[in-house]
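Chain by chain, the residues run as shown.
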Amino acid sequence: MLTKRLIACFDIRNGMVTKAHKFQDNIDIAKATDMAEKMYQDKIDEIIFFDITASSDRRKIDIDTVRAVAEKVFVPFTVGGGIKTLEDMTEVLKAGAEKISIDSMAVRNPDLIRQGAEAFGRQCVVLSMQVQKVGKSEKIPSGYEIFIDGARTATGLDALDWAKRGEGLGAGEICVNSIDCDGTHDGYDLEITGLIAENVNVPVIASGGAGVPAHIADAFGIPGVSAAIISSMLYSPRIARNYSVKEIKEELIGLGIAMRPY
């Protein structure tokens with residue numbers, strides 16, 4: 001049986017892990033290197049790092065922080081934010097990342113997905129999507145629209161259409177990040193996560209909203225969802241209770257979910 005993956009997500013700003021609520025009102029938590037090392041020691045399955053202001057500031061990713069985090073962790077490490085070119089991808093991989101997450105830049109230049117998949121293999125390319133429920137319309141038949149630049153900019157793209165297009169271009173995984181659920185601790189948006197998982201043939205990552213292990217179990221109950229991103233549960237002061245990786249895995253295993261051993 002294939003095991004499910006827990007991915008610790010770090011939103012990074014100026015070398016610090018920062019936490020938002022619905023992509024707004026960020027508060028800094030800890031140095032990225034310190035948090036990464038702690039999560040690695042706690043036996044998280046993977047780590048994903050988003051430089052959250054690189055795209056909106058139109059600058060390159062903070063490669064020094066990427067390199068510093070990579071030196072502290074020895075689990076799969078995905079990096080995103082401000083990656084505009086194949087050369088940027090190469091630099092991030094050389095700095096120690098194993099996968100590249102592209103989001104806003106993929107919308108601006110979809111061919112970047114194809115370039116990355118051809119150069120490094122589709123297993124290295126994660127298409128991350130900022131999705132918001134806007135209601136069904138002729139233009140947005142799924143009812144969910146893609147936003148970019150840290151949820152600041154509407155694109156007019158339908159989320160399901162974009163996911164299928166991204167897969168066709170070569171994305172090896174798709175991360176569905178709900179703007180509505182982000183930082184709420186009320187659970188993932190299972191509707192759009194399930195709709196995308198049902199219609200693509202690559203692994204889907206649920207993201208945005210987990211507050212208790214049962215929320216993760218709900219996401220893992222969707223066929224095609226192979227991983228779940230957690231952040232607030234691990235370290236946010238905005239949540240009533242933080243969990244250790246061990247506690248989360250033990251509860252999920254108790255619910256019959258196949259997890260990598262602690």
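Refer to the structure above for everything that follows.
Residues numbered from 1 in each chain as written. Predicted model: local features only at pLDDT ≥ 70, side-chain atom pairs only at ≥ 80, totals over all residues. Heavy atoms only, no water.

This part is about the packing of aromatic side chains. For the structure shown, the criterion picks out three aromatic pairs. Both rings, one in Tyr40 and one in Phe74, keep their centres 5.6 Å apart while their planes meet at 65 degrees; by these two values the pair is edge-to-face. Taken together, the positions of Tyr40 in helix α1 (residues 32–41) and Phe74 in the loop between α2 (63–70) and β5 (77–80) put the pair 34 residues apart, joining distant regions of the chain. Geometrically, the ring pair formed by Phe49 and Phe77 is edge-to-face, given 6.1 Å between the ring centres and 65 degrees between the ring planes. (Phe/Tyr/Trp six-rings, centres within 6.5 Å; stacked < 30°, edge-to-face > 60°. Helix = DSSP H or I, 4+ residues; strand = E, 2+ residues; numbered from the N terminus.)

For the rest of this paragraph, the subject is α2. When α2 is considered as a whole, its buried residues turn out to be Ile63, Thr65, Val66, Val69 and Ala70. Axial view of α2: buried residues confined to an arc of 160 degrees, hence all on one face. (Buried < 20%, exposed > 50% of the residue type's maximum accessible area, 1.4 Å probe, protein only. Arc of directions from axis to C-beta.)

Summed over all chains, the structure comprises one cavity of 30 Å³ or more. Approximately 30 Å³ is the volume attributed to the largest cavity. Lining the largest cavity, in full, are Ile7, Glu46, Ile47, Ile48, Thr78, Lys99, Val126, Glu173 and Ile205. Looking at the lining of the largest cavity, the element that brings in the most residues is strand β4 (residues 46–51), giving three residues. Here the residues of the lining of the largest cavity sort into five nonpolar, one polar and three charged. (1 Å grid on protein atoms, 1.4 Å probe; cavity = no way out; pocket = protein on both sides within 12 Å on 5 of 7 lines; lining within 4 Å. Points joined across faces, edges and corners; volume = space filled by probe spheres on them. Nonpolar A, V, L, I, M, F, W, Y, C, P; charged D, E, K, R; others polar.)

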